[in-house]
Every structure is written in C-alpha cells, then in structure tokens.
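# Structural features, examined
Now for the letters of each chain:
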Amino acid sequence: MQRIDDDATLTHISAAYVGMYEGGERLQDALLTLQDLRQRYSPSARITSDCAACQMLLGAYGDAERALQEVLKQSPNDREALQNLYVCGLHLGRPEETMARYLRQLSSAHPDCTLLSQQEALKAAFNAAA
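Overview of the structure. For clarity, every value in this text was computed on a predicted model and none was experimentally measured.

Summed over the entire model, instances satisfying the criterion amount to nine salt bridges. Among the charged side chains, a salt-bridge network with shared partners connects Arg46, Asp50 and Glu80.

What follows concerns the nonpolar core. Grouped together as the largest cluster of nonpolar side chains are 20 residues, with contacts concentrated most on Met56, Leu68 and Cys88. Every element with two or more residues in this core is listed here: helix H3 (45–57), helix H4 (61–74), helix H5 (79–92) and helix H6 (96–109). Broken down by element, this core gets its largest block of residues, six residues, from H4. Apart from residues lying up to four places away in sequence, Leu68 is in contact with Ser49, Ala52, Met56, Ala81, Asn84, Leu85 and Cys88.

Quick look at H3 now. Its 13 residues place the ends of H3 18 Å apart at the C-alpha level, agreeing with the 18 Å of an ideal helix rising 1.5 Å per residue. Along H3, 11 of the 13 residues are buried, which leaves the element largely enclosed by surrounding structure. Along H3, the residues classified as buried are Ala45, Ile47, Thr48, Ser49, Asp50, Cys51, Ala52, Ala53, Cys54, Gln55 and Met56. Of the residues one or two after H3, Gly59 is the one with positive phi, at around 85°.

Our next topic: the state of the cysteines. Two cysteines whose sulfur atoms are joined by a covalent bond form what is called a disulfide. In total, this model carries zero disulfides according to the counting rule given. The thiol of Cys113 is unpaired, and the distance to the nearest cysteine sulfur, on Cys88, comes to 15 Å. The class of Cys113 is buried, set by a relative accessible area of 1%.

Once that is clear, we can look at the packing of H5 against H6. A pair of packed helices can be characterised by two numbers: the angle between their axes and the separation between those axes. Where H5 meets H6, the axes come as close as 10 Å, and the angle between the chain directions of the two elements is 160°. If you check the angle between H5 and H6, you find them roughly antiparallel. Judged by the twist between their axes, the crossing of H5 over H6 is left-handed. Listed contacts from H6 to Arg79, Leu82, Gln83, Leu85, Tyr86, Gly89 and Leu90 of H5 are Met99, Tyr102, Leu103, Gln105, Leu106 and Ala109. Residue classes in the contact of H5 with H6 are distributed as nine nonpolar, three polar and one charged.

With respect to the helices, strands and loops of the structure, Glu65 is situated in helix H4. Looking at Glu65, the relative accessible area reads 7%, which means it is buried. The residues touching Glu65, leaving out its near neighbours within four places in the chain, are Leu85, Cys88, Leu92, Arg94 and Tyr102.

Reading guide: rules and limits
Residues numbered from 1 in each chain as written. Predicted model: local features only at pLDDT ≥ 70, side-chain atom pairs only at ≥ 80, totals over all residues. Heavy atoms only, no water. Salt bridge = Lys/Arg side-chain N within 4 Å of Asp/Glu carboxyl O. Core = buried A, V, L, I, M, F, W, Y, C linked by side-chain atoms within 4.5 Å. Buried < 20%, exposed > 50% of the residue type's maximum accessible area, 1.4 Å probe, protein only. Helix = DSSP H or I, 4+ residues; strand = E, 2+ residues; numbered from the N terminus. Contact = heavy atoms within 4.5 Å. Expected span 1.5 Å × (residues − 1). Disulfide = S-S within 2.5 Å. Axes fitted to C-alpha atoms, helices over the stretch in contact; angles between N-to-C directions. Parallel < 35°, antiparallel > 145°, perpendicular 65-115°, else oblique. Left-handed = near helix turned anticlockwise from the far one by under 90°. Nonpolar A, V, L, I, M, F, W, Y, C, P; charged D, E, K, R; others polar.

Here it is as structure tokens:
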C-alpha cells in the first residue's frame, strides 16, 4: 500500500511540473496540486519553493515572496529560494538596499550562481556600451 501511495505522490508532483511548464490554465491546477501535497505532508523547503515558483508564474509575487521567506527559515542558504526571492523583489519593486542584501546573501552562499554571473556579464556589457 505504501508503494502505491508513493507512486501517486510522484505522479502528482510530475503532473504539477508539467502544468508549470505548459502554463496557461494548467498553472492553477499545478499550484493546487502542490499546495495539497504541502498540506498532506510536512511542508518541506522543496515543495514550498515549488509552490512559490508556481505563484511567480501566476504573477502572485507577494504570495511567492512569503513562501520563499518560509523556505529560507527552514533552509537559509537554499539557492533556488534566494534566486527566486531576488526575482520577486524586482517584480515587487523592493528597495535597493533589500535587493543588495538578497544579492549579498546569494553571493556568499553560492558564489558560482548563474544568476550572479549573468548579472555581472550584463553590467560589463552595459558599461562597455556606455
């Protein structure tokens, strides 16, 4: 019986990821599935982060920001949560000091982060063009 339940859980998670990828009407279904799994089992950093990503895709950046802050309480250096929190902050127009703090935290925890290297490359290109 446990194996069947585990398979169903994996199927639900997979269906949610497919819904997030496809977008449109499937996004809301994906979010509901992830929220259901989060309530059914103890809310892990991973599933909470997935809920936040889905909320971001739906444009609910405030809800996503709150969920990501929950993730960081559980796992303070979670790469995905830190990156997505930065993106939420951009969409929500957070103050420059807040955004700089997010980047410092991301940089100290994950100096090899793609988001940071892409940002540096864009700065360099902008400075070269200026």
